[in-house]
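Descriptive structure summary
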Amino acid sequence: MDRPGETTHFGFRDVPLGDKQTLVNDVFHSVASRYDLMNDLMSGGLHRVWKDIMITALDPPRGDRRFALLDVAGGTGDISFRAAKAAGPGFHATVCDINSGMLEVGRERAAKRHLKTQVDFVEGNAEALAFADRSFDAYTIAFGIRNVPRIDLALAEAYRVLKPGSRFLCLEFSTVEMPGLDRLYDLFSFKVIPPLGRMITGDAESYQYLVESIRKFPRPNAFADMIRNAGFARVNWQILSGGIVALHSGWRL
């Protein structure tokens, strides 16, 4: 339950904690139809490489062994589709996203890829998952956890729904500390991405929020502490592309 007067960040703005989810929903409803195109344009296609690295770390079984993946905030299906392609016939993914617009895009993409039987789409909140305890073999979240109002609750839910011996993987934008790259990255983020968002989606404000939200996300060591506090063991992270992105990992043992 929210405490009166409790606030959180929405980009660089402080907003009432209870308002953030609605504001984030509005962002993704606005950009859903062009979300994947914008990912290509913003990253120069690198998001595909980062996601492939995540799937390599996930390493879903190639055989008949049953393997249930929960892909949170994965509305358009990118991670689940990649995992399904890499896995064997025992694989099944459940995409859980709070945004109905993103889920609709994902369902259409799944149908085109003939993956409707391997990938389900469920509307739900990362902070209160409607799944049984210890019901999944892996949990993935890519570029979504920074949009969750209460990250600690989302991590606790990830731990709850994972089976013992299962893995948590989080791909998220991180902190660029490489001299020179940091300045270029800031220039591109704040001067190029919002106008590009206006041109492609008709919405600059949503992309202004997205680049601001990256700067408000905890540094890798601080986020790793949050993962540990949720109960995960063997927590580590891998820096990608000079710190633009980090792949975080933890195990429920």
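Okay, so let's go over this structure. (Residues numbered from 1 in each chain as written. Predicted model: local features only at pLDDT ≥ 70, side-chain atom pairs only at ≥ 80, totals over all residues. Heavy atoms only, no water.)

**Some thoughts on the pairing of strand 7 (residues 162-173)**
One face of the sheet, then the other: side chains in a regular strand alternate in exactly this way. Here is the rule we go by: For the exposure calls, accessible area comes from a 1.4 Å probe over protein chains only, and a residue counts as buried if that area is under 20% of its type's maximum, exposed if over 50%, partly exposed in between. Here a helix means four or more residues in a row that DSSP labels H or I, a strand means two or more in a row labelled E, and each is numbered from the N terminus. Any two strands between which DSSP finds at least two bridges are classified as paired. Handedness of a crossover is defined as follows: with both strands directed away from the viewer, a clockwise route from the first strand across the helix to the second makes it right-handed.
Counting buried residues along strand 7, 9 of its 12 residues qualify, which places the element largely inside the surrounding structure. Pairing between strand 6 (residues 136-142) and strand 7: 6 bridges, direction parallel. Looking at the pairing, Ile141 lines up with Cys170 of strand 7. Running through helix 6 (residues 151-161), the crossover from strand 6 to the neighbouring parallel element strand 7 is right-handed.

**Description of the nonpolar core**
Short version of the rule: Residues belong to one nonpolar core when they are buried, are Ala, Val, Leu, Ile, Met, Phe, Trp, Tyr or Cys, and are joined through side-chain atoms within 4.5 Å. By definition, residues are in contact when any of their heavy atoms lie within 4.5 Å.
Formed by 32 residues in total, the largest nonpolar core has its most connected members in Trp50, Leu58, Leu69, Phe91, Leu171, Phe173 and Val245. Those residues in contact with Leu171 that lie beyond four places of it in its chain are Trp50, Lys51, Met54, Ile141, Ala142, Phe143, Leu240, Val245, Ala246 and Leu247. With 26 residues, the next largest nonpolar core counts Cys96, Phe136, Leu155 and Leu162 among its residues.

**Some remarks on the side chain of Arg82**
Mapped onto the elements of the fold, Arg82 is located in helix 4 (residues 78-86). Taking the relative accessible area as the measure of exposure, Arg82 reaches 16% and is therefore buried. Apart from residues no more than four positions distant in its own chain, Arg82 is found in contact with Arg48, Lys51, Asp52 and Ile55.

**What to know about the packing of aromatic side chains**
Our working definition: Any pair of Phe, Tyr and Trp rings, taking the six-membered ring for Trp, is counted once the centres come within 6.5 Å. Such a pair is stacked with planes under 30 degrees apart, edge-to-face with planes over 60 apart, and tilted for the rest. We call a charge positioned over a ring when the NZ of a Lys or the CZ of an Arg lies within 6 Å of the ring centre and within 35 degrees of the ring normal.
On inspection of all chains with the given rule, the structure shows 10 aromatic pairs. A ring pair is formed by Phe131 and Phe136, whose centres lie 5.3 Å apart and whose planes are at 85°; its orientation type is edge-to-face. For the pair shown, Phe131 and Phe136 are each scored as buried. Aromatic ring contacts, followed pair by pair, group Tyr139, Tyr159, Phe168 and Phe232 into a single cluster. Note that Arg234 overlies the ring of Trp251, its terminal NZ or CZ placed 5.0 Å from the centroid.

So far we have only geometry, and geometry alone does not tell us how the molecule works.
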